[in-house]
Protein chains: 2
Amino acid sequence: MNYKFSDKVLSLKPSAIREILKMTSQPGIISFAAGNPAPDAFPVEHIRAIASDILDRDPIAALQYSVTEGYAPLREAVKARLAKKGVYSERDDVVITSGGQQASELTCKSFLNEGDVLAAEDPSFVGCLNAFRSYNVELRGIPMDDEGIDAALLEEQAKKGIKVLYVIPNFQNPSGRCMSYARRKKVYELACRYDFIILEDDPYGELRFAGEDIPSIKSLDTEGRVVYAGSFSKVVSPGMRVGFVCAAPEIIAKIVVCKQVSDVHTNILAQMICHRILTEYDFEAHIAHLRDIYRRKYNIMAQGIRDNFSPLVKVTEPQGGLFVWATLPEGADMPAFCKAAVERTVAVVPGNAFTAQPTDPTTSFRMNFSTPTDEQLVKGCEILGTLTREFVG
Amino acid sequence: MNYKFSDKVLSLKPSAIREILKMTSQPGIISFAAGNPAPDAFPVEHIRAIASDILDRDPIAALQYSVTEGYAPLREAVKARLAKKGVYSERDDVVITSGGQQASELTCKSFLNEGDVLAAEDPSFVGCLNAFRSYNVELRGIPMDDEGIDAALLEEQAKKGIKVLYVIPNFQNPSGRCMSYARRKKVYELACRYDFIILEDDPYGELRFAGEDIPSIKSLDTEGRVVYAGSFSKVVSPGMRVGFVCAAPEIIAKIVVCKQVSDVHTNILAQMICHRILTEYDFEAHIAHLRDIYRRKYNIMAQGIRDNFSPLVKVTEPQGGLFVWATLPEGADMPAFCKAAVERTVAVVPGNAFTAQPTDPTTSFRMNFSTPTDEQLVKGCEILGTLTREFVG
């Protein structure tokens with residue numbers, strides 16, 4: 001049969017990363033291609049105890065239909081935590097989503113018609129770029145410098161018309177960069193001047209292992225034009241699929257309607273577990289523990305890069321998150337590099353998986369340091385380092 | 001701030017039912033308005049034991065990221081069960097979704113451009129109608145008779161062009177009707193002749209408490225044009241949000257890409273629990289137990305209707321599912337009836353919540369018999385019965 005699929009999905013492709021991950025699940029492959037939390041980062045004992053207690057004491061509440069907005073005690077706990085960070089104010093509302101990805105998808109659906117312009121850092125998170133593509137949105141990738149998205153280039157695009165700007169200010173995926181406070185203020189100022197919405201995606205903000213926290217763009221927002229998306233995936237468990245959006249009540253109301261027709265509500269047991277981890281355990285101590293894990297893992301990778309990589313390769317030095325971004329000199333053949341890396345048992349993600357125009361040539365690749373074991377980090381950097389010296393001297 | 005939301009969501013409203021449910025959560029209200037499984041229908045002991053075992057023995061698998069297609073052992077178990085019913089064949093594939101609602105939403109997104117025509121039984125399930133509306137699809141409601149959707153009217157619409165037909169052949173929501181085998185064959189024949197896709201939504205098919213099973217439309221499908229959606233919500237737990245789609249691999253591939261950008265994958269612990277309930281327990285005995293519960297509850301409501309309702313009210317006599325559909329004589333004032341019912345502490349859902357054009361006048365209302373207690377079923381029917389006699393004699 002010759003199916004007539006919608007225009008929205010005709011050219012939509014599975015995430016290049018998830019396809020690479022399928023290839024690299026063979027034993028013997030060192031995968032720097034994933035974005036999974038470290039297995040020892042999960043609060044397994046707490047989750048086990050809480051799940052057991054809920055299913056003993058209140059099983060029907062955990063199994064019956066619930067409200068689309070999310071489990072009320074979890075919404076309150078999220079609000080309280082976000083208030084401490086200056087993200088939530090009394091003017092805002094919160095909805096629980098099925099992971100951070102759904103937060104971005106539903107924000108896109110709520111605001112953007114087909115053909116409307118969404119700007120994003122270039123490179124950016126492929127999962128969200130694909131979500132935007134799935135609504136036939138016009139993507140504009142805007143290059144970054146070390147302080148984040150280029151403000152002059154953003155303004156140039158804004159003059160032509162942007163409806164939504166998607167940014168990951170903390171430990172950006174894939175670059176690992178943080179947007180500076182000055183740049184955040186500038187971006188917000190441009191949003192007000194040129195009247196666009198900012199979708200601030202912050203899945204990694206809790207995972208800072210060096211330097212000082214920078215206030216969110218949402219905390220600067222006096223007009224109600226910033227939609228802040230967060231997630232429990234990197235701090236509790238991604239398999240549970242629990243995230244949230246904090247924004248003006250008018251925006252949350254639209255997202256709730258879109259969520260109602262999508263999955264009715266998020267798995268309720270998972271919401272109850274997140275609520276109790278936030279409120280009954282020492283969540284700050286848990287976060288500190290995660291930061292220790294990722295600081296250690298990052299330091300192993302950074303040392304491996306210093307010891308092995310060609311000095312001609314530029315590598316970002318993230319202060320948190322899960323990713324390092326490496327760039328070979330201009331003209332380097334990235335597809336050939338990634339292919340050779342896999343042949344030598346190391347998988348990385350080629351940079352064009354993250355660009356608004358995937359056909360744009362890039363000489364960059366993304367490396368993840370949270371998923372591999374310590375030994376794999378050492379060994380993988382040796383193999384990749386040798387390869388960089390063969391490729392670019 | 002004056003938000004410029006997308007055209008898709010501008011006129012989208014929260015489900016009328018879910019709004020009614022919020023109103024009726026006050027104590028003292030007898031709600032016939034919900035569609036929740038009976039609390040004693042949940043396999044609580046099994047879920048408790050399985051969850052505990054998984055979190056003891058394999059916690060990381062239950063907490064880490066997983067694949068979009070769904071937990072492989074659950075997909076296989078679903079295929080095996082659907083194969084027994086003639087729904088799954090070797091030519092098909094299966095994807096696990098976050099509830100049955102997501103199955104319909106992603107099928108809509110995969111096939112329909114804005115303005116494309118989707119036909120559905122009129123009345124039909126408001127959650128899916130709203131999902132279709134959220135993609136700016138053109139809805140055509142097609143009336144039913146006792147055998148299901150009117151074939152002549154469907155053909156009339158098909159001649160003008162239908163891209164997808166949405167039907168709930170078993171114990172339809174809200175009417176409780178079953179589509180006859182002859183009508184299923186006729187509908188499939190029309191789909192082949194006029195080249196449209198059939199989305200066969202079957203959340204209630206397992207809940208037959210009288211009569212004989214009727215083969216699904218999917219089981220008649222030789223061309224790969226039927227998308228079959230099922231759910232664990234009514235047989236295990238709706239709070240878990242686990243459903244599935246069975247269709248041709250090309251269709252499943254598109255739904256998987258749409259799901260990947262929506263919520264990446266369905267909560268994995270819930271998928272593992274459904275898998276083990278399907279494979280390690282006597283699932284047929286569990287289903288038989290559910291049928292006993294709903295047969296008993298339906299019989300209480302049916303008796304209450306016979307004893308109390310005006311003979312001028314036409315009431316469907318479902319052989320399964322969760323709903324009864326009552327129709328007052330032409331000219332009856334349904335908004336006034338529902339308002340009076342709530343004032344006397346009984347909530348029902350007015351029929352226009354389920355029509356393709358919610359402004360169409362209806363004289364029908366939906367009653368649910370799975371959620372109320374036995375006492376509430378008796379008392380609620382007495383109150384409603386008195387009201388029907390006051391309204392229509």
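We now turn to the structure provided with this report. Numbers given for residues are sequential positions, taken from 1 along each chain in its written order. Lettering for chains starts from A, numbering for ligands starts from 1, and both go in the order in which the items are written. In view of the model being predicted, local features appear only for residues whose pLDDT reaches at least 70, and side-chain atom pairs are presented and counted only at 80 or more, with totals across whole chains, interfaces and linings using the full set of residues. For side-chain calculations, the full set of non-hydrogen atoms in the structure is used, while hydrogens and water are omitted.

### Here we look at the overall build of chain A
- Think of it this way: any DSSP run of H or I at least four residues long counts as a helix, any run of E at least two long counts as a strand, and we number them from the N terminus. A count of helices and strands for chain A gives 14 helices and 14 strands.
- Taking 2.2 N^0.38 as the reference for a compact globule, 393 residues should give roughly 21 Å; the C-alpha atoms of chain A span a radius of gyration of 21 Å, in line with that estimate.
- For chain A, the spread of C-alpha atoms along the principal axes amounts to about 60 × 55 × 50 Å.
- Burial analysis of chain A (393 residues in total) assigns 65% to the buried set.
- Counted over contacts in chain A with a minimum sequence separation of 6, partners at least 24 positions apart contribute 78%.
- The method behind every accessible area is Shrake-Rupley, applied with a 1.4 Å probe, and residues are considered shielded solely by the protein chains displayed. For chain A, the accessible area works out to roughly 13,900 Å², and carbon and sulfur atoms hold 52% of it.
- Between the averaged position of the 44 positive side-chain charges in chain A and that of its 50 negative side-chain charges there is a distance of 2 Å. For the radius of gyration, the atoms used are the C-alpha atoms, and the globule rule reads 2.2 Å times the number of residues raised to 0.38. Using a 1.4 Å probe on the protein chains alone, a residue whose accessible area is under 20% of its type maximum counts as buried, one over 50% counts as exposed, and one in between counts as partly exposed. Here a residue-residue contact requires only that any non-hydrogen atoms of the pair lie within 4.5 Å. Only four residue types enter the charge count, namely Lys and Arg as positive and Asp and Glu as negative; His and the chain termini do not. In plain terms, the charge of a residue is placed at NZ if it is Lys, CZ if Arg, CG if Asp and CD if Glu.

### Focus on the pattern of salt bridges
- For this analysis, a salt bridge means a side-chain nitrogen from Lys or Arg found within 4 Å of a carboxyl oxygen belonging to Asp or Glu. By the definition in use, this model includes 61 salt bridges over all chains.
- For the salt bridge of Arg48(B) with Asp56(A), the shortest nitrogen-to-oxygen distance reads 3.1 Å. With Arg48(B) in helix H3 (residues 44-57) and Asp56(A) in helix H3 (residues 44-57), this pair bridges two chains.
- On the accessibility criterion, Arg48(B) (21% relative accessible area) is partly exposed.
- Residue Asp56(A) is classed as partly exposed on the basis of its relative accessible area of 44%.
- In this structure, Glu76(B) engages Lys79(B) in a salt bridge whose closest nitrogen and oxygen atoms are separated by 3.3 Å. Residue Glu76(B) and its partner Lys79(B) are located together in helix H5 (residues 72-84), separated by three residues, close to a single helical turn.
- Given a relative accessible area of 12%, Lys79(B) falls into the buried group.

### Description of the packing of helix H12 (residues 283-308) of chain B against helix H14 (residues 374-392) of chain B
Residue and element names in this part refer to chain B.
- Contact geometry for H12 and H14: axes closest at 8 Å, N-to-C directions at 25°. With respect to their mutual orientation, H12 and H14 come out roughly parallel. Between H12 and H14 lies a crossing of right-handed hand. Residue-level inspection shows Arg296, Lys297, Ile300, Met301, Gly304, Ile305 and Asn308 of H12 in contact with H14, the latter providing Asp374, Leu377, Val378, Cys381, Glu382, Gly385, Thr386, Thr388 and Arg389. Axis geometry follows a simple rule: fit a line to the C-alpha atoms, using only the stretch in contact for helices, then measure angles between N-to-C directions, giving values from 0 to 180 degrees. For classification purposes, angles smaller than 35 degrees are called roughly parallel, those larger than 145 roughly antiparallel, those between 65 and 115 roughly perpendicular, and all remaining angles oblique. Take the far helix as your reference; a near helix turned counterclockwise from it by less than a right angle gives a left-handed crossing, and one turned clockwise gives a right-handed crossing.

### A closer look at a negative patch on the surface
- Taken together, the side chains of Asp7(A), Glu114(A), Asp7(B) and Glu114(B) present a region of like negative charge at the surface.
- As for its placement among the helices and strands, Asp7(A) is situated in helix H1 (residues 7-10). Only residues whose relative accessible area exceeds 30% and that form no salt bridge enter a patch; like-charged residues are grouped when within 9 Å of one another, and nonpolar side chains (Val, Leu, Ile, Met, Phe, Trp, Tyr) when within 5 Å.

### A look at the packing of aromatic side chains
- In this scheme Phe, Tyr and Trp rings, the latter by its six-membered ring, pair at centre separations within 6.5 Å, and the angle between planes marks the pair as stacked below 30 degrees, edge-to-face above 60, and tilted otherwise. One pass over the full model with this rule turns up 25 aromatic pairs over all chains.
- Judged by centre distance (6.3 Å) and plane angle (0°), the ring pair of Tyr135(A) and Tyr135(B) falls under stacked. You can see Tyr135(A) sitting in the loop between helix H7 (126-133) and strand S4 (138-145) and its partner Tyr135(B) sitting in the loop between helix H7 (126-133) and strand S4 (138-145), one on each of two chains.
- Residue classification places Tyr135(B) among the buried residues on the basis of a relative accessible area of 1%.

### A look at the pairing of strand S14 (residues 364-368) of chain A
Residue and element names in this part refer to chain A.
- In terms of burial, S14 is a largely internal element, five of the five residues being buried.
- Of the two faces of S14, the one holding Ser364, Arg366 and Asn368 and the one holding Phe365 and Met367 are both buried throughout.
- Sheet topology note: the strand S11 (residues 323-327)/S14 ladder contains five bridges and is antiparallel. Looking across to S14, one finds that Thr327 is bridged to Ser364.
- Two strands make a pair as long as DSSP finds a minimum of two bridges between them. By the bridge criterion, two bridges tie strand S13 (residues 349-350) to S14 in an arrangement that is antiparallel. In the sheet register, Val349 faces S14, and the bridge partner there is Arg366.

### Some thoughts on the sheet that holds strand S10 (residues 314-315) of chain A
- Taken together, the four strands give an open sheet; going across it, the order is S10-S11-S14-S13 (chain A), and neighbouring strands pair in antiparallel fashion. What marks the edges here is a single partner per strand, and that holds for S10 and S13 of chain A.

### Digging into the interface of chain B and chain A
- Taken residue by residue, the interface counts 81 residues in chain B and 81 residues in chain A.
- In short, buried area is how much 1.4 Å probe accessible area vanishes from two parts on joining, totalled over both. Carbon and sulfur atoms make up 56% of the surface buried where chain B meets chain A, a total of about 6,900 Å² over both sides.
- Between Lys109(A) and Glu105(B) there is a salt bridge, with the nearest N and O atoms lying 3.7 Å from each other.
- For this analysis, a polar contact is any N or O atom pair within 3.5 Å, provided that within protein one partner can donate a hydrogen and the other can accept it, and provided that sequence-adjacent residues contribute only side-chain to side-chain pairs. Remark: the boundary between chain B and chain A carries 45 residue pairs in polar contact (both at pLDDT 80 or more).
- In terms of residue count, helix H10 (residues 249-263) of chain B provides more of the side of chain B that touches chain A than any other element does, nine residues in total.
- Lys, Arg, Asp and Glu make up the charged group, whereas Ala, Val, Leu, Ile, Met, Phe, Trp, Tyr, Cys and Pro make up the nonpolar group; the residues left over, Gly among them, are polar. Of the residues belonging to the side of chain B that touches chain A, the class tally is 36 nonpolar, 24 polar and 21 charged.

None of this, on its own, says anything about what the molecule does.
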